[in-house]
Amino acid sequence: MFKFKIKSFIVAAAAASAMCLIVPAVTGTGAGTGAGLQLGITAYAATVIEYGNLQQLVTEGNATIKYSSYYDNIDNLEYQLKVLKEECASMMGNVKVADDSGEKSQYRSIAKSLSDTINQLEKRLEKQTGTNASINDTIDMLTMSAQSTLISYLQAETNAQAQEKKAEAAEVKYNNAVVRESAGAAIDTTVTAAHSDMLAAQSQAISYRQQADSFRRSLFQMLGLTDDGSITIAEIPAPDLAAIAAVDFNADLEQAVNNDPTVQQIRHNRSDSTSAMQLKAASEEEAVGNSKQDFEETYVNLQNKLEEYNAAVSAYSAAEQLYQGAQRKQANGMMTNADFLSAESDYISARAAYQTASMGLVSAYDTYKWMLKGVA
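Keep in mind that this is a model prediction, so the values were computed, not measured. (Residues numbered from 1 in each chain as written. Predicted model: local features only at pLDDT ≥ 70, side-chain atom pairs only at ≥ 80, totals over all residues. Heavy atoms only, no water.)

Brief notes about the overall build of the protein
Along its length, the protein carries 12 helices and 2 strands. Helices (α) and strands (β) of the protein occur, in sequence order from the N terminus, as α-α-β-α-α-α-α-α-β-α-α-α-α-α. Every one of the 376 residues in the protein was classed for burial, and the buried ones make up 48%. Within the protein, contacts between residues at least 6 apart in sequence are counted, and of these 83% link residues at least 24 apart. Here the protein displays about 18000 Å² of accessible surface, and carbon together with sulfur accounts for 52% of that area. (Helix = DSSP H or I, 4+ residues; strand = E, 2+ residues; numbered from the N terminus. Buried < 20%, exposed > 50% of the residue type's maximum accessible area, 1.4 Å probe, protein only. Contact = heavy atoms within 4.5 Å. Areas by Shrake-Rupley, 256 points an atom, 1.4 Å probe, with all protein chains shown as cover.)

Next comes the structure, spelled out in structure tokens:
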């Protein structure tokens, strides 16, 4: 059997980040250059990026927006849409090549959140006209884009950390199998299988890491920031479960329709003849129907994300108990290091799934609120 000489994956593929959602900024190529500057994005001082202050950061990073023409601002939005579409396409590509069903689900979840934002922004852009567009409209849409990118970055970062731990555990298992085979205690197929598992885990870890880095670059560019290592990205707040439970679909549906810019524009149009009034009534009926359908889809997505979140909470709670048991066994000398790393990897994966679901629910609820405001 050919023996593979393996350097530590965590060293060879870059050390895993600390296992928490507060992610220290890493030194890298500065974003906010090139195409970003062409779009009027301006670098400014910032020490932390928080989900709750993204609108402020977007406004400061796009300082020229107040003086830009309608068409310049539309160009900016279309560029951000292009970035989101590229990131979404990359995630869907990962869905196709991922071997593990759990990884496919995680990639698909992140891609779905991006796709939802893309769809809402495209619909909003279609409703924009030179007469009804405003600076606040543009800032709101840029903020929505930044929110989606920040959440996608942290989801990818969280899953990268989980996969890096899984790769570490798989590497130890493989090295142990090589040692056992050398001692005549393991067969060739066992070593081959362990090696295959290790390579798959390493590949997934690298994929998530590259995706996280890409999202990070996109986020910094959107905000007009240079990623020079001085900026911290803070964790996403937990979803407001009380507010989500208090959602009144019927009342909110009426508000969303009334705030829909297309519906508003049609209602404000003058109709000086019977035929014009009939055309206006038909146009309004169609616009209201489309608005209701869009809002209903957003509401259904919110409920689906809530179900996913609740399932992830239960799975994470069970995984936490198993991990605590593994910690006790290891402390008492009843578990090998390889088995403990495997148990720790399972726990971190469950935590990553929970955190991904939590951020997905936050994103879905914010999209719902954007719809109420008439932005999405």
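Let's talk about the packing of helix H6 (residues 135–182) against helix H7 (residues 188–223)
In contact at an axis separation of 7 Å, H6 and H7 are set at 160 degrees when each is read in the N-to-C sense. With respect to each other, H6 and H7 are oriented roughly antiparallel. The chirality of how H6 crosses H7 is left-handed. Among the residues forming the contact of H6 with H7, the class breakdown is 21 nonpolar, 12 polar and 11 charged. (Axes fitted to C-alpha atoms, helices over the stretch in contact; angles between N-to-C directions. Parallel < 35°, antiparallel > 145°, perpendicular 65-115°, else oblique. Left-handed = near helix turned anticlockwise from the far one by under 90°. Nonpolar A, V, L, I, M, F, W, Y, C, P; charged D, E, K, R; others polar.)

Some remarks on the packing of aromatic side chains
Aromatic rings considered in pairs are described by the distance between their centres and by the relative angle of their planes. In this structure the tally under the stated criterion is 10 aromatic pairs. Taking 5.1 Å as the distance between ring centres and 5 degrees as the angle between the ring planes, the aromatic pair formed by Tyr316 and Tyr354 counts as stacked. Linking Tyr316 in helix H11 (residues 274–331) with Tyr354 in helix H12 (residues 337–373), this pair joins segments that are 38 residues apart in sequence. One aromatic cluster is present, built from ring pairs that chain together Tyr309, Tyr316, Tyr323, Phe340, Tyr347 and Tyr354. (Phe/Tyr/Trp six-rings, centres within 6.5 Å; stacked < 30°, edge-to-face > 60°.)

Section: the nonpolar core
Core analysis: the biggest nonpolar cluster contains 47 residues, and Ile49, Leu54, Leu150, Leu223, Ile233 and Ile236 have the highest contact counts within it. When residues of this core are traced back to their parent elements, those giving at least two are helix H3 (54–61), helix H4 (70–97), helix H5 (101–127), H6, H7 and H12. Of the residues forming this core, the biggest block, 10 residues, is contributed by H6. Ignoring any residue separated from it by four or fewer positions in sequence, one finds Ile236 in contact with Tyr51, Leu150, Ile151, Leu154, Met359 and Val362. Counting residues in each nonpolar core, the second largest holds 19 residues, with Ala287, Leu302, Leu361 and Tyr368 among its members. (Core = buried A, V, L, I, M, F, W, Y, C linked by side-chain atoms within 4.5 Å.)

Quick look at the packing of H3 against H6
The contact between H3 and H6 brings their axes to 9 Å, and the two run at 120 degrees. Our pair here, H3 against H6, has a crossing hand that is right-handed. Counted together, Leu54, Gln55, Val58 and Thr59 of H3 and Ile139, Asp140, Leu142, Thr143, Ala146, Gln147 and Leu150 of H6 form the full contact between these two elements. Tallied by class, residues from the contact of H3 with H6 come to 6 nonpolar, 4 polar and 1 charged.

Re the pattern of salt bridges
Within the structure shown, the criterion is met by 11 salt bridges. Between Lys165 and Glu344 there is a salt bridge; the shortest N-O distance is 3.4 Å. One end of the pair, Lys165, is in helix H6; the other, Glu344, is in helix H12, with 179 residues separating them in the sequence. What makes Lys165 buried here is its relative accessible area of 12%. For Lys305, the salt bridge identified is with Glu308, shortest N-O distance 3.7 Å. Of this pair, Lys305 and Glu308 both sit in helix H11, 3 residues apart, which is roughly one turn of the helix. For Lys305, a relative accessible area of 5% puts it in the buried group. The network of salt bridges with shared partners includes Glu157, Glu164 and Arg209. (Salt bridge = Lys/Arg side-chain N within 4 Å of Asp/Glu carboxyl O.)

What to know about helix H10 (residues 261–268)
Among the residues of H10, those classed as buried are Pro261, Val263 and Ile266. At the N-terminal end of H10, a side-chain oxygen is found 2.8 Å from the backbone nitrogen of Thr262, two or three residues along, and the residue is Asp260. (Polar contact = N/O pair within 3.5 Å; in protein donor to acceptor, adjacent residues only side chain to side chain.)

Some details on the confidence of the model for the protein
One rule of thumb: low pLDDT means the predicted coordinates there are not for detailed reading. Considering every residue of the protein, the mean pLDDT works out to 80; 81% of them sit at 70 or more. Throughout residues 1–43 the model reports pLDDT below 50, and contacts reaching past four residues in sequence, or to other chains, amount to 106 contacts. (pLDDT = per-residue confidence, 0-100.)

A short note on the environment of Gly325
Mapped onto the fold, Gly325 is located in helix H11. The class of Gly325 is buried, set by a relative accessible area of 17%. On a C-alpha basis, the gap between Gly325 and Ala343 in space is 9.5 Å, while along the polypeptide they are 18 residues apart.

Description of the side chain of Thr143
Within the fold, Thr143 resides in helix H6. Judged by relative accessible area, Thr143 falls into the buried class, the value being 2%. In this structure, Thr143 is in contact with Leu54, Gln55, Val58 and Trp370, ignoring residues within four places of it in sequence.

Points about H12
Compared with an ideal rise of 1.5 Å per residue, which puts 37 residues at 54 Å, H12 spans 53 Å between its outermost C-alpha atoms and is within 8% of the ideal. Most of H12 is tucked away, with 28 of its 37 residues classed as buried. After H12 finishes, the residue Gly374 shows a positive phi value of roughly 90 degrees. (Expected span 1.5 Å × (residues − 1).)

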